[in-house]
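Residue-level structural notes
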Amino acid sequence: MQLPSSLLQSLQGLAGFDEQRFVNIHNSNTSVTSIRLNPAKSETVLRSFGERNVDCTPIPWTRNGYYLSERPSFTFDPLFHAGCYYVQEASSMFLEQVLKQSVALDQPLKILDLCAAPGGKSTHLQSLISPDSLLVSNEVIRQRVNILKDNMVKWGSSNVVVTNNDPKDFSKLKGYFDVIVVDAPCSGSGLFRRDEAAISEWSENNVVLCSQRQQRILADILPTLKDGGVLVYSTCSYSRQEDEDIADWLTTTFPLSNIPLNVNADWKIIEAVTTSGNKGYRFWPHLAKGEGFFLAAFKLNDGDTYKNKSKSAVKPLTKQLLPLVSSWAALANSELIQVNDKVYAWPSVLLDDFDVLLQHLKLIYSGTLLGELAHKKLIPDHALAMSKKVAESIVCADLGLPEAIAYLQKNTIENTGLSTGWQLARYNKQVLGWMNVLSNRINNYYPKELRILKQKINN
Ligand code: SAM
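This report concerns the structure included in the present document. Quick caveat: nothing in here was measured; it's all calculated off a predicted structure.

**Section: the pattern of salt bridges**
- Under the defined criterion, the tally for this structure stands at 13 salt bridges.
- Among the salt bridges present, the one from Arg282 reaches Asp243, with a minimum N-O distance of 3.5 Å. Here Arg282 is found in strand β12 (residues 279-283), whereas its partner Asp243 is found in the loop between β9 (225-235) and α10 (244-253), with 39 residues between them in sequence. Considered together, Arg282 and Asp243 belong to a single accessibility category, that of buried residues.
- Sharing partners across several salt bridges, the network here consists of Asp243, Glu244 and Arg282.

Written out as structure tokens, the structure reads:
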């Protein structure tokens, strides 16, 4: 692996940088595989890896993160598709420390993950916040927002809104958020070990362009942070212009004060003190076990407080249609909203917030999509199957591994004596999706766009 000499030159003098060890680790052919469990669906995951002789070792800075001793095929693991875990780079999970050390996570919070696709930080944030808290998971690029939505649906949460907006579009929400996470688009040097091809795209000029874009994104979104709110800024770049310099630009341009974090020395995360005395946290692959990452946190001292002046825009489901829905889902503490023929369950405590977001942003997904009304029936949606809202009375069909894979490939499944009607296909007690058992066949309702395309593990 030929690292750009201008990159190596620019890193001289940064806290924790050791050129020889840095080059060696990039050439060592070692890779780190890590996952983070979904606490709402985690029961069987570690045992299942154990049965495949994959050792899981806890990642010290996060509660549900594990290093795996080898990289198994995630595609052919039904638990991956059931949303029981997310495959995520270990350093990024340090986000948990910031949240735990700087906000009261048991309180109802409004959190924005501004640059959210494919959803690593958003699924993590969702697992950390209380059910009464709101997560707005935003991705500006249209082609990337679908994967974000799919990952949030798989996670099975109901307190999330997925949006597809430019940071500027949030301007009507002045002083709205308690926490904003900006995991900024960057020059990407921290991921060279994983993606060698990215080396050829790296240039000093791109680092400058990225740092200018990072400033624009931050300047656009900062007015939406409420007085006393927390801003988390992170990149997967090693370059000072995108890391320490942005931290200093933030505290010299806005009324922000840096939040220092307590970091256990055994974790080998480097505390980087900037020219203005701010503290950021650097992950070097020759020190901490993970990829390159930088994170710094700030508190806003003199911000706005949001005042809602808008009228409601939601259309509640009419009472007459309620019986079509009620047998499918546990609806306590939910409001039912109809958008065209689709019925969504929104958490009652977040109704006003979802309503405000609907008026100002481009909503791609919100709450839990229960299903679509057609011919005086509700056709249940995959999102309902993935959520904890699905009614307990629904019959479950437990599939073995070959049948579960066939189901996820959207292949035909034999009816081996199942009773007729809608059922939840499960593997290892975890729901994979819907199927409708007819007398002569089973209709497989696994979403076509999510199906496993490979037919065999090695092709
Ligand atoms: N937070 C994500 C996660 O943990 O899975 C990774 C985010 S990635 C580092 C940065 C994201 O910013 C990308 O999804 C990219 O599409 C998005 N992005 C690119 N340009 C942007 C812009 N001008 N404003 C906001 N986001 C942008």
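**Thoughts on the sheet that holds strand β18 (residues 377-380)**
- Spatially, 4 strands are ordered β14-β15-β17-β18 in an open sheet, and the strand pairing comes out antiparallel. Each edge of the open sheet carries a strand with a single partner, namely β14 (334-339) and β18. Taking each pair of neighbouring strands and ignoring which way they run, the sheet shows an average axis angle of 35°.
- Those strands touched by helix α12 (residues 351-360) are β14 and β15 (342-347), and its axis lies near 125° from that of β15.

**Looking at the packing of helix α9 (residues 204-221) against α10**
- Relative orientation of the contacting elements α9 and α10 amounts to 35°, with a least axis distance of 11 Å. In terms of crossing hand, the pair formed by α9 and α10 is right-handed. Seen from α9, the contacting residues are Ser211, Gln214, Gln215, Leu218 and Ala219; seen from α10, they are Ile246, Trp249 and Leu250.
- For the contact of α9 with α10, a count of residues per class yields 5 nonpolar, 3 polar and no charged.

**As for helix α5 (residues 95-102)**
- If you check which residues of α5 are buried, you get Leu95, Glu96, Gln97, Val98 and Leu99.
- On its buried face, α5 sits against β5 (110-113), α6 (120-128), β8 (177-183), β9 and β13 (293-300).

**Comments concerning the state of the cysteines**
- Tallied over the entire structure, the rule returns 0 disulfides.
- In this structure Cys84 is a free cysteine whose sulfur lies 13 Å from that of Cys56, the closest cysteine sulfur available.
- A residue is classified by how much of its surface remains accessible, and Cys84, at 0% relative accessible area, is buried.
- Between Cys210, a cysteine without a disulfide, and Cys186, which holds the nearest cysteine sulfur, the sulfur-to-sulfur distance is 6.5 Å.
- Residue class for Cys210 comes out buried when judged on its relative accessible area of 3%.

**Quick word on the site of the ligand**
- Neighbouring the ligand are 17 residues; Cys115, Gly120, Glu139, Arg144 and Asp183 lie closest to it.
- With respect to the ligand, the backbone of Ala117 contributes an N or O atom lying 3.3 Å from an oxygen atom.
- Asp183 has a polar side-chain atom sitting 2.8 Å from a nitrogen atom of the ligand.
- Mapping the ligand onto the cavity grids shows that it belongs to the largest pocket.
- Contributions of two or more residues to the shell around the ligand are made by α6 and α9.
- Residues that form the shell around the ligand fall into these classes: 10 nonpolar, 2 polar and 5 charged.

Rules used throughout
- Residues numbered from 1 in each chain as written.
- Predicted model: local features only at pLDDT ≥ 70, side-chain atom pairs only at ≥ 80, totals over all residues.
- Heavy atoms only, no water.
- Salt bridge = Lys/Arg side-chain N within 4 Å of Asp/Glu carboxyl O.
- Helix = DSSP H or I, 4+ residues; strand = E, 2+ residues; numbered from the N terminus.
- Buried < 20%, exposed > 50% of the residue type's maximum accessible area, 1.4 Å probe, protein only.
- Pairing = 2+ DSSP bridges.
- Axes fitted to C-alpha atoms, helices over the stretch in contact; angles between N-to-C directions.
- Contact = heavy atoms within 4.5 Å.
- Left-handed = near helix turned anticlockwise from the far one by under 90°.
- Nonpolar A, V, L, I, M, F, W, Y, C, P; charged D, E, K, R; others polar.
- Disulfide = S-S within 2.5 Å.
- Near = heavy atom within 4 Å.
- Polar contact = N/O pair within 3.5 Å; in protein donor to acceptor, adjacent residues only side chain to side chain.
- 1 Å grid on protein atoms, 1.4 Å probe; cavity = no way out; pocket = protein on both sides within 12 Å on 5 of 7 lines; lining within 4 Å.
- Sits in = over half its atoms within 2 Å of the grid points.

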